[in-house]
Amino acid sequence: MKERAKIARLDEVVEVAEVDYQEAVDSYTGWCKVCKEFTRGSTEPDAEGYDCEVCGEKEVVGAEQALLLGYIVPV
Ligand SMILES: [Zn+2]
C-alpha cells in the first residue's frame, strides 16, 4: 500500500510568486522539498517522490501536489 503523502511542516512552507507556480504547472516542473525550489522538469503536477536533479533526494513533488500538501503558497 502506498504511504500517504506527508503534509508540510510550518518550516517547510515557502511562498512563491503566483506566476511562477502557474509556470511550473504549465511546464511540468516539480518542486523539491529539500532545495525549496522548482528544480525538476518532466514532473506531472500530481507527482510524488521523484528524484531531484540538484540534490539527488527523492523529495520532488509536482507543482499542484506541492500546493495541495502545503509546501508552497502562491502569493
Ligand atoms: Zn533538491
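J.: Even after reading the chapter, I still don't get the overall build of the chain, so can you show me in this structure?
T.: Scanning the chain for helices and strands turns up two helices and five strands. Counted from the first residue to the last, the chain has its helices and strands arranged as β-α-β-β-β-α-β. For 75 residues, the compact-globule estimate of 2.2 N^0.38 gives 11 Å, and the C-alpha radius of gyration of the chain, at 11 Å, lies within 12% of that figure. Here the chain holds 75 residues, and the buried ones make up 28% of them.

J.: Quick question: what am I supposed to make of the pairing of strand β3 (residues 37–40) here?
T.: The side chains of a regular strand alternate between the sheet's two faces. The pairing of strand β2 (residues 30–32) with β3 spans three bridges and is antiparallel. Along β3, the bridge assignment pairs Gly 30 with Arg 40. In textbook terms, the turn of a hairpin is the stretch between consecutive antiparallel strands, and for β2 and β3 this stretch comprises four residues, one of which, Lys 36, has a positive phi near 55°.

J.: Any chance you could explain the sheet that holds strand β4 (residues 60–61) here in plain terms?
T.: What links the strands of a sheet is backbone hydrogen bonding, and the strands pair in either a parallel or an antiparallel sense. Spatially, the three strands line up as an open sheet ordered β3-β2-β4, and their pairing is antiparallel. A strand with exactly one partner marks an edge of an open sheet, and here the two such strands are β3 and β4. When β2 meets β4, the two strands line up antiparallel, connected through two bridges. For Cys 32, the partnering residue across the bridge sits in β4 and is Val 60.

J.: Is there a simple way to think about the nonpolar core in this case?
T.: In a soluble, globular protein the nonpolar side chains are often hidden away together inside. Core analysis: the largest hydrophobic core is formed by 14 residues, its most contacted members being Trp 31, Val 60, Ala 66 and Ile 72. At the level of elements, α1 (18–26), β2, β4 and α2 (63–68) are the ones that each hand at least two residues to this core. Setting aside residues no more than four positions away along its own chain, Trp 31 makes contact with Phe 38, Val 60, Val 61, Ala 63, Ala 66, Tyr 71 and Ile 72.

J.: Where do I start with the environment of Phe 38 in this structure?
T.: Mapping Phe 38 onto the fold places it in strand β3. Looking at Phe 38, the number of C-beta atoms within 10 Å reads 21, which means it is buried. Separated by 30 residues in the primary sequence, Phe 38 and Leu 68 place their C-alpha atoms 15 Å from one another.

What counts and what doesn't
- Residues numbered from 1 in each chain as written.
- Predicted model: local features only at pLDDT ≥ 70, side-chain atom pairs only at ≥ 80, totals over all residues.
- Helix = DSSP H or I, 4+ residues; strand = E, 2+ residues; numbered from the N terminus.
- Rg over C-alpha atoms; globule rule 2.2 N^0.38 Å.
- Buried ≥ 20, exposed ≤ 12 C-beta atoms within 10 Å, placed from the backbone.
- Pairing = 2+ DSSP bridges.
- Core = buried A, V, L, I, M, F, W, Y, C linked by C-beta atoms within 7 Å.
- Contact = placed C-beta atoms within 7 Å.

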